[in-house]
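Coordinates in review
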Amino acid sequence: MISVILMLLGRRIAERNHGFYSCVTAVQKTIFARMKSFDVPIIYRSPLITAIKKKRKEQDKMKKDFTPTLLDLGPLQIYLARHFGFCYGVENAIEIAFRTVEENPGKRIFLLSEMIHNPQVNADLQSHGVQFMQNNYGTQLISFDELTADDIVIIPAFGTTLQLEKKLNDLGIQTEKYNTTCPFVEKVWNRSEQIARKNYTIIIHGKPKHEETRATFSHASANAPSVVVKDMQQTIELAKYITGEKPTAQFYEEFKGQYSENFDVTKDLDRIGVVNQTTMLASDTQAIADYLKQVMISKFKPATIDIHFADTRDTLCYATLENQQAVSGMLETDADLAIVVGGYNSSNTSHLVELCEEKLPTYFISSEEKILSAKEILHYNFHTKEEIFTSDYLPNKNPVKILITSGASCPDALVEGVIKKVAAFFSNTINSEDLVKSFE
């Protein structure tokens, strides 16, 4: 008989993210209250995961418990993260995209780039005739010259630059109805605009080539001087221009392609605010903001810090935070390995992998097909950007304990597929139908 143990001894909030979470929950209550259920294709749903999430929601309405859910299969024990899978923005984008296809038979439908960073979802859209105009890094696959005013162009969940949006509008293509930009990405844009009006320079923590960061940079730089930092190391180097430790001329080479037009390093770093690509590690963004704040305090003294540093901690995405906190809670469980499911180019998924790698062997896979056998697995090393083959990944012991989570763009059906695949390697386990019933 399957027993479901909801481990209640976990911390309420992972310590590494606590400071940002308290701010985010306060400012996002209105958005949470308006959240709705989306019409997402049934092929992405999972009866098992749906039952588990429903049960956990009933038991933890305030989302205070970040401990995992145990699926006790006897010789195999699987611990599922408290939060994982499709977020609000992803479900919204998928619903709009598939509805667009359904409502416009015979019309040419394009996506500016991948809808989300999940190969299955993108392949499904392509199978319905949707064409991608660019790859993930902005390289053109289909020329804008081929578009007509009768075509439909969908803006992906990451958003797009003001320049691309204007180009589409100039062609007579209306984007409002087919804009799937995540509302939490737009929230970052709005916050950037607010502090820009107060003459702050925008520091964006993000991956410079990522679609979302490019879009955020475009919106931010339209209102204020802006610069992108990809990590703490770049932030430390940026701070040396604030303190005068580095010659100003060197900035323009070191941060080439990451600063706005006419950026003046001699004056544009005197008043700053930090926002982020919503899928970055919350703890990393917090550390960057805290570091820069201390630099400004050292230069301008504590009494004037509000003049020189804007408080922007309320721009973090709720799903990014919850998924990362759920992984932190899950990692307090004694386990043998972790499996993280998601697209290999998914930023939020790679950060979940990063958290897991700190504690135990971790296998980043895109689907159950990467689990070749009980002995062999093909998994992705996001540090080297390559798939690698590993033997004997399952330990020879009883029980085997596995932690499982997935990224915000990963369908729950893929997670159930992984559970079924691994469970099949063990004898005397329960079937998925009976497992679902244990949560009802």
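Presented here is an overview of the structure given in this document.

The rules behind each value
- Residues numbered from 1 in each chain as written.
- Predicted model: local features only at pLDDT ≥ 70, side-chain atom pairs only at ≥ 80, totals over all residues.
- Heavy atoms only, no water.
- Salt bridge = Lys/Arg side-chain N within 4 Å of Asp/Glu carboxyl O.
- Helix = DSSP H or I, 4+ residues; strand = E, 2+ residues; numbered from the N terminus.
- Buried < 20%, exposed > 50% of the residue type's maximum accessible area, 1.4 Å probe, protein only.
- Pairing = 2+ DSSP bridges.
- Right-handed = clockwise from strand over helix to strand, strands pointing away.
- Axes fitted to C-alpha atoms, helices over the stretch in contact; angles between N-to-C directions.
- Parallel < 35°, antiparallel > 145°, perpendicular 65-115°, else oblique.
- Left-handed = near helix turned anticlockwise from the far one by under 90°.
- Contact = heavy atoms within 4.5 Å.
- Nonpolar A, V, L, I, M, F, W, Y, C, P; charged D, E, K, R; others polar.

Looking at the pattern of salt bridges
Counted by the stated rule, this structure contains 19 salt bridges. Salt-bridge contacts for Glu103 lead to Arg99; the nearest nitrogen and oxygen are separated by 4.0 Å. Here Glu103 pairs with Arg99, and both are found in helix H4 (residues 88–103), just 4 residues apart, close to one helical turn. We classify Glu103 as partly exposed; its relative accessible area is 46%. Across the pair Glu387 and Lys370 runs a salt bridge, and its minimum N-O distance is 2.9 Å. One end of the pair, Glu387, is in strand E13 (residues 386–391); the other, Lys370, is in the loop between strand E11 (362–365) and strand E12 (376–381), with 17 residues separating them in the sequence. A relative accessible area of 34% places Glu387 in the partly exposed class. Ionic contacts of the salt-bridge type, sharing partners, join the residues Glu237, Lys240, Lys246 and Glu254 into one network.

Examining the pairing of strand E10 (residues 337–341)
Of all 5 residues in E10, 5 are buried, a share of seventy percent or more. Both faces of E10 are covered, namely the face carrying Leu337, Ile339 and Val341 and the face carrying Ala338 and Val340. As paired strands, E10 and strand E14 (residues 400–406) are joined by 5 bridges and run parallel to one another. From the neighbouring strand, Ile339 faces E14, where its bridge partner is Ile404. As paired strands, E10 and E11 are joined by 4 bridges and run parallel to one another. Opposite Ala338, over in E11, you have Thr362 as the bridge partner. With helix H14 (residues 347–357) bridging E10 and its parallel neighbour E11, the resulting β-α-β unit is right-handed.

What about the sheet that holds strand E5 (residues 152–154)?
Strand order in the open sheet made by the 3 strands is E4-E3-E5, with parallel pairing throughout. Looking along the sheet, the strands with just one partner apiece sit at the ends: strand E4 (131–132) and E5. Pairing between strand E3 (residues 109–111) and E4: 2 bridges, direction parallel. Bridging across to E4, Leu111 finds its partner in Phe132.

Description of the packing of helix H7 (residues 183–196) against helix H8 (residues 211–221)
As a packed pair, H7 and H8 sit with axes 9 Å apart at the nearest point and diverge in direction by 25°. One finds that H7 runs roughly parallel with respect to H8. For the crossing formed where H7 meets H8, the hand is right-handed. In this structure, H7 uses Val185, Val188, Trp189 and Ser192 to contact H8, whose residues at the interface are Glu212, Ala215, Thr216, His219 and Ala220. Taken together, the residues that form the contact of H7 with H8 break down as 5 nonpolar, 3 polar and 1 charged.

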